Amino acid sequence: MIAAKPGKLVVISGPSGVGKSTVVRQVLERLGPAIRLSVSATTRPPRPGEHDGVDYYFLTDAEFHRRRQAGEFLECIEVFGRGHWYGTLWSEVRSSLSQGKWVILEIDVDGAGEVLRQFPEAVTVFIRPDSVEELERRLRSRGTESEEAVQRRLAVARHELLQADRYEHQVENITVEQAVDEICEILHSHGLDAEGHAAAC
Ligand code: 5GP
């Protein structure tokens, strides 16, 4: 039997409010079963409409740290400015990679550094807003956040933008469609062969 060519990890980061999740969702729809999204674990409570095992694995602090001690995380971190722990479980990536599937990790900049240390061949993409002013406008237009929350998110965004140069690729999210096109092109340029891998699954 011929073993499948292993898949690759794709790390996608970008500041809150940049539209990362929408872009990632459309990339997944476009590329089909050759690539999947890793579901992270977190200690933050679910937001309305979020489901356990779909958006995140929602864990208590005790359970998260038990799994951390047991070595179940590829990376885990108290995400800058959030006050909650987030982590990528080995169980979300290992078997997919060995079956030849590519796996997207939508994680913060500090977690990305840890992934790169262990998987230097990971493809890294940073999604940027056209400017911090534009990001601020988008955060305010949600209309759901207090001034303090907006300022906190902007401080986190500045922390993240300072580390954007550590990513191999930077994509500006001017329109979602353009950002999705660019990311798909990047993944193909790194060898993602949607047809071939889909057929191997
Ligand atoms: P949110 O709470 O808004 O869903 O996510 C907050 C931040 O946590 C985002 O920057 C997101 O990319 C990051 N994040 C989500 N899952 C993980 C993970 O497994 N590891 C790390 N390091 N960051 C994560």
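The text that follows walks through the structure, step by step, so that each part is easy to find. (Residues numbered from 1 in each chain as written. Predicted model: local features only at pLDDT ≥ 70, side-chain atom pairs only at ≥ 80, totals over all residues. Heavy atoms only, no water.)

**As for the pairing of strand β1 (residues 9-13)**
- Across the five residues of β1, five count as buried, placing the element largely inside the fold.
- Residues of β1 alternate between two faces, with L9, V11 and S13 on one and V10 and I12 on the opposite face, all of them buried.
- In this sheet, strand β7 (residues 102-106) lies alongside β1 in parallel orientation, the contact comprising four bridges. In the strand pairing of β7, V10 is matched with I104.
- In this structure, β1 lies alongside strand β8 (residues 123-128), joined through four bridges in parallel fashion. By the bridge assignment for β8, I12 is matched with V125. (Buried < 20%, exposed > 50% of the residue type's maximum accessible area, 1.4 Å probe, protein only. Helix = DSSP H or I, 4+ residues; strand = E, 2+ residues; numbered from the N terminus. Pairing = 2+ DSSP bridges.)

**What about the packing of helix α5 (residues 132-141) against helix α6 (residues 147-161)?**
- Where α5 contacts α6, the two axes come as close as 10 Å, and the packing angle between them is 145°. Like other packed secondary-structure pairs, α5 and α6 cross with a definite hand, here right-handed. Of the residues in α6, those in contact with V132, L135, E136, L139 and R140 of α5 are E147, V150, Q151, R153, L154, A157, R158 and L161.
- Here the contact of α5 with α6 is built from residues that sort into seven nonpolar, one polar and five charged. (Axes fitted to C-alpha atoms, helices over the stretch in contact; angles between N-to-C directions. Left-handed = near helix turned anticlockwise from the far one by under 90°. Contact = heavy atoms within 4.5 Å. Nonpolar A, V, L, I, M, F, W, Y, C, P; charged D, E, K, R; others polar.)

**Some words on the packing of helix α1 (residues 20-31) against helix α7 (residues 176-189)**
- Relative orientation of the contacting elements α1 and α7 amounts to 55°, with a least axis distance of 9 Å. It follows that α1 is oblique to α7 by the angle criterion. Considering only the axes of α1 and α7, their crossing is right-handed. Between α1, through T22, V23, Q26, V27, R30 and L31, and α7, the contact on the second element is made entirely by V176, E177, A179, V180, D181, I183, C184, L187 and H188.
- When its residues are assigned to classes, the contact of α1 with α7 shows nine nonpolar, three polar and three charged. (Parallel < 35°, antiparallel > 145°, perpendicular 65-115°, else oblique.)

**Some remarks on the environment of D55**
- By secondary structure assignment, the location of D55 is in the loop between β3 (41-42) and β4 (57-58).
- For D55 and S38, which are 17 residues apart along the polypeptide, the C-alpha to C-alpha distance reads 9.6 Å.
- If sequence neighbours within four positions are ignored, D55 has contacts with V39, G49 and E50.
- Reaching out from D55, the side chain makes a polar contact with the backbone nitrogen of H51 at a distance of 2.6 Å. (Polar contact = N/O pair within 3.5 Å; in protein donor to acceptor, adjacent residues only side chain to side chain.)

Coordinates in, geometry out; function isn't part of it.
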